[in-house]
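# Tertiary structure, described
Residue strings, one per chain:
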Amino acid sequence: MTKQLVNVLIDGQPVSVPAGTLIVEAAKKIGIDIPVFCYHPKMEPVGMCRMCLVEVGRPVIDRVTGQPVIEDGKPRIQFGSKLETACTTPVSEGMQVVGMSEKARTGQKEIVEFLLTSHPLDCPVCDKGGECPLQNLTMQHGSSESRFNFEDKQHQQKHVPLGDLIWLDRERCIQCARCIRFQDEIAGDPVLGFFKRGRATDIVTYSEPGFDSIFSGNTTDICPVGALTTEDFRFGARPWEMNSAASLCTHCPVGCNTTLNVRREARSNGRMVVKRVMPRQNEQVNEIWLCDKGRFAHHFSASPERLVKPLVRIGDQLKESSWDDALNLAGRSLNEVHQDFIVLAGGLLANEDLFNLKALADGLGGKAAFYTHMGGGSLTANMGMSKDANFGEMGAETCILVAASDLYHEAPLWYLRIKQAAARGATLIVAGGRETRLEKYAAHVIRYAYGDESQTIGALQDSKAGQAAAQAVASSQNLVVLYGSDGLGLEGSSTLAETCAGLLEKTGHAGKEGSALIGVWSHANDQGAWEMGFQPIQDLAAAFENKLVYVVACDPAGDDPALAAALKTAKFVITQELFQTETTRLANVVLPAQAFTEREGSLTSGERRVQRFYPAIPALGETRPDFAITASLAQKAGLELEGVSSLKILNMTASKYRSFEGLSYASLAEVSPQWPQVGRGDVYYGGTTYANTQGLGKRLALVKEAVSRTEMKPAERKRPNDSELLAVPITHLYDRGATVLPSTILHAHIGEASVWLHPDTASRIKVGAGNMAQLTYNGTATLVKVLVDEKVPASIALLPRSMGILINSPAAITLKVA
Amino acid sequence: MTHILLRHREIPDINKLDIYRKNGGFEAFKQVVTTMKPEAVTGVIKASGLRGRGGAGFPTGMKWSFMDNKNWPHYVVANADESEPGTFKDREIMERNPFQFLEGVAISAFAVGANTAYVYLRGEFWQVAAILDDCIEAMEKVSLLGKKLFGTDYELKLYTHLGAGAYICGEETALLESMEGKRGQPRLRPPFPPSYGLYGKPTVVNNVETFTNIPMIISNGSDWYKALGTADSAGVKLFSLSGRVKKPGNYELPFGTTFRHLIYECGGGIINDRPVKAIMAAGASSSIIKVDDKVLDTPMDYASVRTLGADLGSASVMVIDDTISIDWVISKTVEFFKHESCGKCTPCREGNYWMMHVIERMKAGEAVEANTELLLSVAKQMQNKCLCALGEFATMAVVSGIERFPEDFTASSIGGGHD
């Protein structure tokens, strides 16, 4: 329903906007920046700070005729005696707004003077300096001297830890409530609030632990002063000392757009390092937000543990080597085995790296395998997100079904956007084995016993909640199904994917624009691997025996003792990694790869959007990009692959794989105007998020032809019994993953290896909450901490992945007090 | 004269339900529910000229007619927050003639189609709330509240609700926020409560005294009420007289009575028979009127008082004699508003704090002339910028005090007053 257009004049310039548009937004459309503090384009206006005061004139309406009074051929305009706030006033036909008059500018100047009476003179030591809305607006609108007696300035706490990641300076706060409103309206974690009143108003946190929200870092972007700063960056650098590089977050399949701020500094021994990760605007992906993991878990790229030189095994030790020697040794072995090799690729690799690995496998006649605990992805090439489909635009016409996934932990920005879609009218159905945060926003919640995932989705009509959900699914114009791996291993998730695809087909949504099957993958580019035909192998251990194994960006030995044992039966192991892992410790050749911060490339998000990332810092040591290493290795075996230009590799990808058709680095770098406009001189409007000048990315096309799927032996449906618990693997946002662990500020959030039990289950097996217990599985024992939560189903043990508890599929375990 | 509102002064036991009913109580409510259409009731109140008694003086019938009939349910909320310094009329009504007040609430609920009504009392009135709870229980026992009232389909429930000690919760939208369990801070207006009120539903918010007039208007007719008072301000008003008078207290008088009558006839004149220097007619939220004979002979109604450069407001008349220095008066009002500012908007939050500090320096004798100029400037700077009336009214005594009584703001005269 298109809204009627309204014509107004702002500072003499005409603009036509839909009825109901706020004056401040109408002004933006013609490049007029009305100063604001409390107003933010993504939140409801509150009119608190009074900075946006403007003169507003409206046509005088004749009370009898109801028509505007005409004078000299023009409507007579009556200006109000009071200034009005542009952020709360919607435009009306014939309105005239004046922000540049003496009256308006005096009003704005007076508000700045009021704010500065309580604000400390901290600029020389305040992190916000240089990107501070208060500084900028004071320069533009304030006076150079204060009439406030300095001794009357109030003193408040200046180092208040709101949580362990965000610090509050109470003196700097101007009580704009942006942080509180962000947490309430957008994040859905209302953990901040005002306390006391008047001049004594303080920001406090109501959660224990403090500021308990994975979106907390965003408040430091939108805070208009230096009141909120991050533990990661505070006192780190001045904004003008840093350079920027457009990049992507690589921690989950959402693919949030980021800007990396880097600086060469003495503190880091003269190296150029990433000082902080900032959001980059992409309204189709992450808008202007990041989750705390993406914001704070960047230290891995600069970690002193990084592999910087090739290593070769001499005797039982790995010794540093030259690239030539290492490649020669690896190449010789590759030639010797002919086709008896397997390439094992992880989902953290860029599209270009994956292309070369597949090309090497195909070109030399070996096997290519995808290292993943979650299956079913080839189906998404037929029925994934396509064309312009976008969470940010979904509403009443779409039904969104989330199955077996805790989106808050697995893909935070999808959680945020789907929750907002539900608020706009989309029908949200959440099906899960345990209660998760997204259920609060769902129209229908389906609870199943772990093991019944596929059965439940396949027969949605079976339960009362399922009946209502089935109705919604069948009757919606569009159906978007997200499936995850909560409580599922490779087989279970593959079966669930098939079931979800079947649901889309049965209801006539498969392959249609606006409908989709989306996998909530564990890695940033799992989607890219699926699109290029990588498939997982169910019996990986058998696949290693007597083969040359080329392991890239994954750690099978560290994840599974059976795979560690299997690797020992391989003929030769070449690894390509960022860090030493259990796998590299078993390898014959270890080749040091570059992190994404040191090179360019592209990634494919779970929504099938290909986006570019650009180099931010120089390469560490002798590291090389993954695709280049693969090309060098291939060359030793007589196969020519592109090893220099990642741009060329993407072109080849576009030629070879149907879904990538038409993509190029140039097309990925295209940008178009986004709304709200951020990142210009008016940092007070949207916050310190960066504008996107380096590329919005492009959607993959849908493939009409059927794609090859791996035949999976269906998973055995496991059930807990009286003597054993059923352990189900789940995903938590923070874990001991190699790209997260180096960020020490997150260690309190990562915690130690733990299992979650229902309090009744814990008392039944006589283990107290908080105690250490011995977890026995398949003959091996691990020490874990036992935690209780009433949301855990009976006789189930929740096992977060990547914490050192090596269970990848639902399994029967025993737990005994240690 | 026979009281219309403070009827307990003639009928001491009128706070007992049977006595109230023996004196015609709840006849109006019965008449309205059994014989009148809701719109007709609103029509009677409109015709009577009744204006809100909380201070704004908005025509009551007109407010009721603004209720959005496309949005349901409707609510009625009685504003018993009574926190304006110098105002103590609603307390007397609720303690001594509570049933007439509650009957007014009930009639208004019927008129706007509400089945639930609330009385929001300031937190300090917990004893008054207990009295009202007893009254409500008594009314329920004899089916004056509940389902199928007087054999019709109309049902009504009344509840009391206590605030927690904030003056700002007397502002109607902050009151509604407080009732909803949130911080008591004013909302953006528009929309106004008759379109978007309690829980986002159309709500009538009126003052206790306003409601207390309603049963009498229904019983005696709008013409009878209109004949009382003046053309601009119909009916009677409770004037809370305080300050340097011999007999402070609540006086029920028709609009149009002069200040002279109130102060000398009712109030017995000034202590020690000193001359009147100034009047604050609307409690702490007043412009200070410089008193001369013309002022004393001005009739007390909304329009006439405005000619004196002030507002009648809630008619909390505070009388200042020549033993009081105006700078002392405004130091008290500024301290009050600084304490009560909710902090939501910049000018009120920062401005009141600033004014308080300037006044403290002035009281200590520091740069009195320069600080007086600064104080006036800061007060004027707050005007026409605040989110609600608290910030605006906080400036009135300061601006009028300095402009009309400059002699009280010199280095030699500063600090003369009573503590």
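Counting starts from 1 at the beginning of each chain's written sequence and moves along it residue by residue. Here chains are named by letter from A upward and ligands by number from 1 upward, in the order in which they appear as written. With pLDDT at 70 or above as the cut-off, local features in this predicted model cover only qualifying residues; side-chain atom pairs require 80 or more to be listed or tallied, and sums for whole chains, interfaces and linings still use all residues. The side-chain quantities take in all heavy atoms of the structure and omit both hydrogens and water.

## Here's the deal with helix α18 (residues 561-568) of chain A
Residue and element names in this part refer to chain A. All of the buried residues in α18 are L563, A564, A566 and L567. All buried residues of α18 fall inside an arc of 160 degrees around its axis, so they share one side. In what follows, a contact means two residues having at least one pair of non-hydrogen atoms within 4.5 Å. We count a stretch as a helix when DSSP gives it H or I for four or more residues in a row; a strand needs E for two or more, and each element gets its number in order from the N terminus. Contacts made by the buried residues of α18 are with α16 (540-544), β26 (548-552), α17 (556-559), β27 (572-577) and α19 (582-585). One side-chain oxygen at the N-terminal end of α18 lies 3.0 Å from the backbone nitrogen of A562; it belongs to D560. Think of it in three bands: with a 1.4 Å probe and only protein chains considered, a residue is buried below 20% of the maximum accessible area for its type, exposed above 50%, and partly exposed in between. The reported arc concerns the directions from the helix axis to the C-beta atoms and nothing else. Definition of a polar contact: a pair of N or O atoms within 3.5 Å, with one able to donate and the other able to accept a hydrogen when the atoms are protein atoms, and with sequence-neighbouring residues admitted only if both atoms are side-chain atoms.

## Quick notes on the sheet that holds strand β25 (residues 516-519) of chain A
Residue and element names in this part refer to chain A. The five strands are arranged β23-β22-β21-β24-β25 in an open sheet whose pairing can be described as parallel. Edge positions in the open sheet fall to β23 (444-447) and β25, since each of these has one partner strand only. On average, adjacent strands in this sheet sit at an angle of 15 degrees to one another, irrespective of strand direction. To obtain each axis, a line is fitted to C-alpha atoms, and for helices this fit is confined to the stretch in contact; angles are then taken between N-to-C directions over 0 to 180 degrees. In the packing of helix α13 (residues 464-475) onto the sheet, contacts are made with β21 (398-403), β22 (427-432), β23 and β24 (478-483), and the angle to β23 comes to roughly 125 degrees. Following DSSP output, two strands are said to pair if at least two bridges run between them.

## Concerning the pairing of strand β5 (residues 236-243) of chain B
Regular strands place their side chains on alternate faces of the sheet. Residue and element names in this part refer to chain B. Of all eight residues in β5, seven are buried, a share of seventy percent or more. Pairing analysis gives six bridges linking β5 to strand β6 (residues 249-254), with the strands arranged antiparallel. Directly across from S240, in β6, lies its bridge partner N250. Counting the residues that bridge the hairpin from β5 to β6 gives five residues. Two strands pair when backbone bridges link them, and β5 and strand β9 (residues 316-321) are joined in this way by four bridges, in the parallel orientation. When the bridges of β9 are listed, S240 appears paired with S316.

## Comments concerning the sheet that holds β9 of chain B
Residue and element names in this part refer to chain B. Pairing within the open sheet is mixed, and its five strands lie in the order β6-β5-β9-β7-β8. Here the strands that pair on one side only, and so sit at the sheet edges, are β6 and β8 (288-290). Sheet twist, expressed as the mean angle between neighbouring strand axes with direction ignored, is 30 degrees. In this sheet, β9 lies alongside strand β7 (residues 276-280) in antiparallel orientation, the contact comprising four bridges. Looking at the pairing, I279 lines up with V319 of β9. Seen against the sheet, helix α5 (residues 89-96) touches β5 and β6 and runs at an angle of roughly 115 degrees to β5.

## As for the packing of aromatic side chains
To pair, rings of Phe, Tyr and Trp, with the six-membered ring standing in for Trp, must have centres within 6.5 Å; the planes then decide the type, stacked if under 30 degrees apart, edge-to-face if over 60, and tilted in the middle. With the rule as written, the count across this model stands at 31 aromatic pairs over all chains. Seen from their ring centres, Y20 of chain B and F26 of chain B are 5.4 Å apart, and the 85 degrees between their planes marks the pair as edge-to-face. Residue Y20 of chain B shares its accessibility class with F26 of chain B, and that shared class is buried. Summarising the aromatic geometry, the rings of Y167 of chain B and F337 of chain B are spaced 6.0 Å apart at their centres and angled 70 degrees between planes, so their arrangement reads as edge-to-face. Of this pair, Y167 of chain B sits in the loop between β3 (157-162) and α8 (172-179) while F337 of chain B sits in helix α14 (residues 326-340), and the two are 170 residues apart along the sequence. In this structure F337 of chain B comes out as buried when scored by relative accessible area, which is 1%. Among the aromatic residues, those joined into a cluster by ring pairs are F114 and F148 of chain A together with Y353 and W354 of chain B. Directly above the ring of Y685 of chain A sits K28 of chain A, whose terminal nitrogen or CZ lies 4.2 Å from the centroid. Looking at R276 of chain A, its charged tip hangs above the ring of F233 of chain A, at a distance of 4.7 Å from the centre. We call a charge positioned over a ring when the NZ of a Lys or the CZ of an Arg lies within 6 Å of the ring centre and within 35 degrees of the ring normal.

## Quick word on the pairing of strand β1 (residues 74-80) of chain B
Residue and element names in this part refer to chain B. Across the seven residues that make up β1, a large majority, seven, are buried. Here β1 shows a buried face lined by H74, V76, A78 and A80 and a second buried face lined by Y75, V77 and N79. In terms of strand pairing, β1 meets strand β2 (residues 114-121) through seven bridges, oriented parallel. Looking at β2, one finds that V76 is bridged to A117. Relative to strand β4 (residues 203-207), β1 runs parallel, the two sharing five bridges. Bridging from a neighbouring strand, N79 pairs with N207 of β4.

## Regarding the interface of chain A and chain B
Counting residues at the interface gives 34 residues for chain A and 31 residues for chain B. Put simply, buried area is how much 1.4 Å-probe accessible surface two parts lose in total, over both of them, once they are put together. Summing both sides of the interface, chain A and chain B together bury roughly 2800 Å²; the carbon and sulfur share of this comes to 52%. In terms of surface lost to chain B, no three residues of chain A exceed F114, R147 and R197 of chain A, which account for 28% of the buried area on that side. The salt bridge definition used is simple: a Lys or Arg side-chain nitrogen within 4 Å of an Asp or Glu carboxyl oxygen. Linking chain A with chain B are five salt bridges. When the shortest N-O distance is used, the salt bridge between E110 of chain A and K385 of chain B registers 2.4 Å. Our enumeration of links across chain A and chain B arrives at 25 residue pairs in polar contact (both at pLDDT 80 or more). Of all the elements in the fold, those that place two or more residues in the side of chain A that touches chain B are α2 (102-118) and β11 (192-195) of chain A. Considering every element that reaches the side of chain A that touches chain B, the biggest residue donor is α2 of chain A, with eight residues. Residues were grouped as follows: Ala, Val, Leu, Ile, Met, Phe, Trp, Tyr, Cys and Pro as nonpolar; Asp, Glu, Lys and Arg as charged; and all remaining residues, including Gly, as polar. Class assignment of the residues belonging to the side of chain A that touches chain B gives a composition of 13 nonpolar, ten polar and eleven charged.

Any link to function would need more than the numbers given here.
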